[in-house]
Amino acid sequence: MSGRFEIRVSGRLSDRTRAAFPGLTVEEVPAETVLSGWSRDADEVHTVLDRIQALGLELVSLLQVPEPPEG
Amino acid sequence: MVRIPASRTVVPPLPAWSVPRPALRARLAAAAAGQLIVVIAPAGSGKTVLLAEWARHDQEQHQQTATAWVGLDRDDADPDRFWAAVLAAVLAADVVPADDPLHGLRGRAAAGDDIADALLDGLDDLPVPLRLVLDDAHVLSHRRSGSRALARLVRHRPAGVRLVLAARSDPAVGLPRLRLSDGLCELRVRDLRFTVDEAAALAASCGVPLTGDEVAVLHRRTEGWAAGLRLAVLALRRDREEPGAFLARFSGDERSVADYLGGEILAGLTPDDRALLGDLAVCGRLPDPLAVTLSGHPDAARRLEELTHGLGMVDRVDPGTHRLHTLVRSHLDADLARRRPDRHRRQHAVAARWWAEHAEPAHALRHAERADDPALTADLLRRVAVPLLARGELPALRRALAGLDTPTRRDDPHLALIAALVHLADREPASAAALLRSARAAVPARPAPPAPPGPGLAALRATAELFASAAGAGPRPSAGATGVAVPDDPASAGLLHLARGTSLLATAGAGDTDAARAELRRALAAARAGGFARLEADAYAGLALTAVVDGDPRGVTGPAEAALRADRHATPVRTAGTAAVLAWADLLRGDPARAAARCAELLEESVRLAAADAYALRAVHGAAVGDLGRRGAGAAATRAAREALGDTALPAAVAAALALLEHRAALLLGNVRAAHAVTTWLVARTGETDEVRLMRAWVEAATGRWEAARTAVGPLLGRDRPPGTLRVEAHLLAAETALRGEDTARARSALDAALAAGRAHDLVRPFALAGVRARALLGERTPVAGFDARVAAVCRGAAPEAAPPLSERELVVLALLPSLLAAPAMAEELVVSVNTVKTQIRSIYAKLGVSTRRHAVTRARERGLLV
């Protein structure tokens, strides 16, 4: 998959953990954190998912957002 | 065969803090024979510990069932490694009788699939029950070949073997189907959650006694997640503080459990340990010398060993290699990235250089990317790109190139050439051509110190230009490109030889394949010497193509099958060209069913094939379908495929071979106009070749002008080294014209010549499609075995009678048949007499073998005479 994606994990993230996702936008919503960004291919999304697993974060959802790139 | 370290095939030791889980063990033990057991839950849920506990418990109870254990890693997605790992685990279980054939497999240098067959058979016959645990099975799913190998093992679950998979996500082995047929025993995250009592036991076993309320808080906050519980207990033990205060903070925090606990663990480390582990956290696997290089401490290995025995944050995976606990490592890595981003990048750069020097180029490139250091990536690419290309590790190259900005990629001739070669390997000639132009512009007029474009760069440039020209994306290669000195390193040399061979083949006709063949053999030798899988596959594919140029289907089969073997883990998109060549050989060797099946298998997969490959597959498929009896459909599909090809480049010999198939199919349908269109297409691509002359002679014969056919085919008979196909076809046509001229003696000698050439190349199909009289004469012979017998058999068989072609006048009348015009109106339209029209209509019906106007229209449409 390529394009914009949005990943939700449960709980809030410390600055330390946010640092593990350079290049992604990190937003807090009640009880969850939304990581979003652009991917060129499925491999990049997998890399992010691997890192989420490695950090022990609980994945809530993964969405591909149908939206053309800005600019 | 791949060597599998013993550490990966032992049942892991139970950690000191583990809590016995008899209820889960009982559920595992209760699984019915033949059921697949899967334990699927996120990292840190206690999958491995549970399965290890089960195995050890049974062992202590002297249960009959022994356990074979494989801890899988990402590299095992390569089927060779996967099957080797499974075999190693089975043998390590120490229950296979000494005389069992399974032992013999260990020393065999066979490929994965051969090992798989023998291994599955051997397991079926195993006299003792065995439990086979594949831990971390999710790592296989990042490659299609890994999933396929696992699915195969699941499908063929050997009788006496209890198969157990532990994974973070559902493996693609058809779980829903197994569930429906009651073939599945599943434990999932909800089953693996620790109960409150288990949580209390875990804390107690770590020396942290908690009250009932405290346990309840801990359990609620972690939701029974094993790793969370453990980290929390670790943090409690480290701090030696009042558990109540810690738990109050923990339960009041909104952060993710792992995030919070990661912070607690890091805060509890001594500054020295934290600095050391932080420096090492950029790498998952840490060979001791790498640990020393990364940390700058000569005694890093000793300190890791101490930490291994202390808190369980470090594991020793084999003597001389450690691994940080994944969760702890990830938090340490994130911590370093935030607090000291420069240091974090520097550590990745150090790791990149270290792996580059230790023969792990793909690994090195990934670290360079994380180091965010384009100069380092560029430097590494210049050093390792050629071996990566030769091995076929294109994803790593694509990723690394994508990380560089466009000017860097374009203005450095070395990088531009590498990028061009990646595009050519991906069959994107247009992108490659643009980069080649940049590379030419960027090469300095005078070599500028300190990095003059040395022999390496010259060879790389020649390689890229030769490939590009063969792909139709560049001018004919200059003399400099063909004559450049061959570099010393095997990867560069092998690629250059392959490029020369490919370039020669693009324009070669029969009789000048020797040079191409010699280059390809050199490429093959280099591939074998260096263990370069992709180069090996490409060299074999080139040799198969050489045989097509020689019109020699027998010569195709060996190298084409070797190419597919060497490339067996590649996607069908990549191997489609070779599959088409192999199908062409099947067809010409007289096996249309096999040819059709081979093509259909690829055409039915929903993959985007390269244009040239799609055309070749469809053209061969169309011809094969025609031979199997559906001539009209086959011919229509072939023509559509050729029209879809557009002006995509195709080696001249391939264009000729495929055009001959389509031309022949058109004539068999009596469609002379379609045959002419094929000839025109081929002339535009290759000029006036002997294949074109053969086509013209065929048309003369098809329209009954036997004398003209004899004259046209005459020059083709005396050629010095014609392609095998052309030689056989020319002699067969000569035989038919001789028979029409009642010259039996000349016909027999022509048939003998055709048979001799056919035998040499195993060309059966031309005989099946030969003229009626030549076929009759061949069918009279009664050889008992071998090639001549096969030819006699196809000649006696119900061979397709070529449909008589319609004359130009008849085609004009035919065009009016779908209309509702009656014969008098048609006569008026065509300005001829009604009788003439009626005569022509009768003749059309006879030639099409029909008796009504409606059937005539249907049949004419089938044959492509009406559109």
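All values reported here derive from a predicted model rather than from experimental measurement. (Residues numbered from 1 in each chain as written. Chains lettered and ligands numbered in written order. Predicted model: local features only at pLDDT ≥ 70, side-chain atom pairs only at ≥ 80, totals over all residues. Heavy atoms only, no water.)

A.B. asks: What am I meant to see in the overall build of chain A here?
C.D. replies: Broken down by element type, chain A carries 2 helices and 4 strands. Its helices and strands taken in sequence order, chain A reads β-α-β-β-α-β from the N to the C terminus. Considering only residue pairs separated by 6 or more positions, chain A has 71% of its internal contacts joining residues 24 or more positions apart. (Helix = DSSP H or I, 4+ residues; strand = E, 2+ residues; numbered from the N terminus. Contact = heavy atoms within 4.5 Å.)

A.B. asks: Looking at this structure, I do not really get the domain arrangement of chain B. What am I missing?
C.D. replies: A common way to state how big an interface is: give the accessible area lost once the parts meet. Per the domain assignment, the segments making up chain B are domain 1 (6-192), domain 2 (196-268), domain 3 (413-445 + 453-485), domain 4 (688-796) and domain 5 (808-862). Taken over C-alpha atoms, the centre of domain 1 of chain B sits 72 Å from the centre of domain 5 of chain B. (Domains from an automatic or database assignment.)

A.B. asks: Is there a simple way to explain the pairing of strand β7 (residues 314-318) of chain B in this structure?
C.D. replies: Regular strands place their side chains on alternate faces of the sheet. All names here are of chain B. Here β7 runs beside strand β8 (residues 321-324); their pairing, made up of 4 bridges, is antiparallel. Note that in β8 the partner of Arg316 across the bridge is His322. Count of turn residues in the β7/β8 antiparallel hairpin: 2 residues, of which Gly320 carries a positive phi of about 95°. (Pairing = 2+ DSSP bridges.)

A.B. asks: Just to check I follow, could you spell out the sheet that holds strand β4 (residues 59-65) of chain A for this structure?
C.D. replies: Strand pairing in a sheet is mediated by backbone hydrogen bonds. Such pairs are either parallel or antiparallel. Residues and elements named next belong to chain A. Here 4 strands make up an open sheet; going across it, the order is β2-β3-β1-β4 and the pairing antiparallel. Pairing within the sheet leaves two strands with one partner each, and these edge strands are β2 (25-29) and β4. Across the sheet, the mean angle separating the axes of adjacent strands is 20° when strand polarity is ignored. With 6 bridges joining them, strand β1 (residues 3-10) and β4 adopt antiparallel strand pairing. Within β4, the position partnered with Arg8 by the bridge is Ser61. In this fold helix α2 (residues 42-54) packs onto β1, β3 (32-39) and β4, with an angle of close to 10° to the strand it touches most, β1. (Axes fitted to C-alpha atoms, helices over the stretch in contact; angles between N-to-C directions.)

A.B. asks: Would you explain the packing of aromatic side chains in this entry?
C.D. replies: Any aromatic ring pair is given by two values, namely how distant the centres are and how the planes are angled relative to each other. Residues and elements named next belong to chain B. Scanning all chains against the criterion turns up 7 aromatic pairs over all chains. Measuring from ring centre to ring centre gives 6.4 Å for Phe246 and Tyr260, while their planes differ by 55°; the resulting arrangement is tilted. Highlighted residues: Phe246 in helix α12 (residues 243-252) and Tyr260 in helix α13 (residues 257-268), separated in sequence by 14 residues. Each member of the aromatic cluster is reached from another via a ring pair, and the members are Phe246, Phe250 and Tyr260. Across the ring face of Trp54, the terminal group of Arg131 is positioned such that the distance to the ring centre comes to 3.6 Å. (Phe/Tyr/Trp six-rings, centres within 6.5 Å; stacked < 30°, edge-to-face > 60°. Lys NZ or Arg CZ within 6 Å of the ring centre and 35° of its normal.)

A.B. asks: Would you mind showing me how to read the nonpolar core here?
C.D. replies: Most often, soluble globular proteins have nonpolar side chains that are buried together. Residue and element names in this part refer to chain B. In terms of nonpolar packing, the biggest core is built from 175 residues, with Leu294, Leu381, Val556, Trp584, Val620 and Phe767 touching the most fellow members. Ranked by residues supplied to this core, first place goes to helix α35 (residues 652-668) with 11 residues. The residues that make up this core include at least three from each of domain 3 (413-445 + 453-485) and domain 4 (688-796). Apart from the residues within four sequence positions on either side, Phe767 is in contact with Val728, Leu732, Ala754, Leu755, Gly758, Arg775, Leu778, Phe787, Val791, Val794 and Cys795. With 47 residues, the next largest nonpolar core counts Val70, Trp83, Ala116 and Leu150 among its residues. (Core = buried A, V, L, I, M, F, W, Y, C linked by side-chain atoms within 4.5 Å. Buried < 20%, exposed > 50% of the residue type's maximum accessible area, 1.4 Å probe, protein only.)

A.B. asks: Got a minute to help me understand the pattern of salt bridges in this structure?
C.D. replies: Pairing between side chains of opposite charge can happen when the charged atoms of each approach one another. Summed over all chains, the structure comprises 57 salt bridges over all chains. Salt bridges sharing common partners tie together B:Arg8, B:Asp73, B:Asp76 and B:Arg81. (Salt bridge = Lys/Arg side-chain N within 4 Å of Asp/Glu carboxyl O.)

A.B. asks: Explain the packing of helix α39 (residues 724-740) of chain B against helix α40 (residues 744-761) of chain B to me, please; I cannot follow it from the model alone.
C.D. replies: Pairs of packed helices are described in terms of their axes, by the angle between the two and the distance that separates them. Residue and element names in this part refer to chain B. Contact geometry for α39 and α40: axes closest at 8 Å, N-to-C directions at 160°. Our classification of the angle between α39 and α40 gives roughly antiparallel. For α39 against α40, the interelement crossing comes out left-handed. On α40, the residues that touch Gly724, Arg727, Val728, His731, Leu732, Ala734, Ala735, Ala738 and Leu739 of α39 are Thr744, Arg746, Ala747, Ala750, Leu751, Ala753, Ala754, Ala757, Gly758 and His761. Considering only residue class, the contact of α39 with α40 consists of 12 nonpolar, 5 polar and 2 charged. (Parallel < 35°, antiparallel > 145°, perpendicular 65-115°, else oblique. Left-handed = near helix turned anticlockwise from the far one by under 90°. Nonpolar A, V, L, I, M, F, W, Y, C, P; charged D, E, K, R; others polar.)

A.B. asks: Just to check I follow, could you spell out the interface of chain A and chain B for this structure?
C.D. replies: Every contact between the two is made by 22 residues of chain A and, on the other side, 25 residues of chain B. Counting each side, the surface lost to burial between chain A and chain B is near 1,800 Å², with a carbon and sulfur contribution of 48%. Considering only the surface of chain A that becomes buried against chain B, A:Arg12, A:Arg16 and A:Gln53 emerge as the three largest contributors, covering 36% of it. On inspection of chain A and its partner chain B, the count reaches 1 salt bridge. Between A:Arg16 and B:Asp259 there is a salt bridge whose closest N-O contact spans 3.3 Å. On inspection of chain A and its partner chain B, the count reaches 7 residue pairs in polar contact (both at pLDDT 80 or more). Of all the secondary structure elements, the ones that give two or more residues to the side of chain A that touches chain B are α1 (15-18) and α2 of chain A. Top contributing element to the side of chain A that touches chain B by residue count: α2(A), with 7 residues. Of the residues in the side of chain A that touches chain B, the class split is 6 nonpolar, 7 polar and 9 charged. (Buried area = accessible area lost by both parts, 1.4 Å probe. Polar contact = N/O pair within 3.5 Å; in protein donor to acceptor, adjacent residues only side chain to side chain.)

A.B. asks: Even after reading the chapter, I still don't get the packing of helix α30 (residues 553-566) of chain B against helix α31 (residues 572-588) of chain B, so can you show me in this structure?
C.D. replies: Residue and element names in this part refer to chain B. Where α30 meets α31, the axes come as close as 9 Å, and the angle between the chain directions of the two elements is 150°. Classified by the angle between their axes, α30 and α31 sit roughly antiparallel to one another. Along this stretch, α30 crosses α31, giving a crossing that reads as left-handed. Taking contact as the criterion, the partners of Pro553, Val556, Thr557, Ala560, Glu561, Ala563 and Leu564 in α30 are, on α31, Thr575, Thr578, Val581, Leu582, Trp584, Ala585 and Leu588. Among the residues making up the contact of α30 with α31, the classes are represented as 10 nonpolar, 3 polar and 1 charged.

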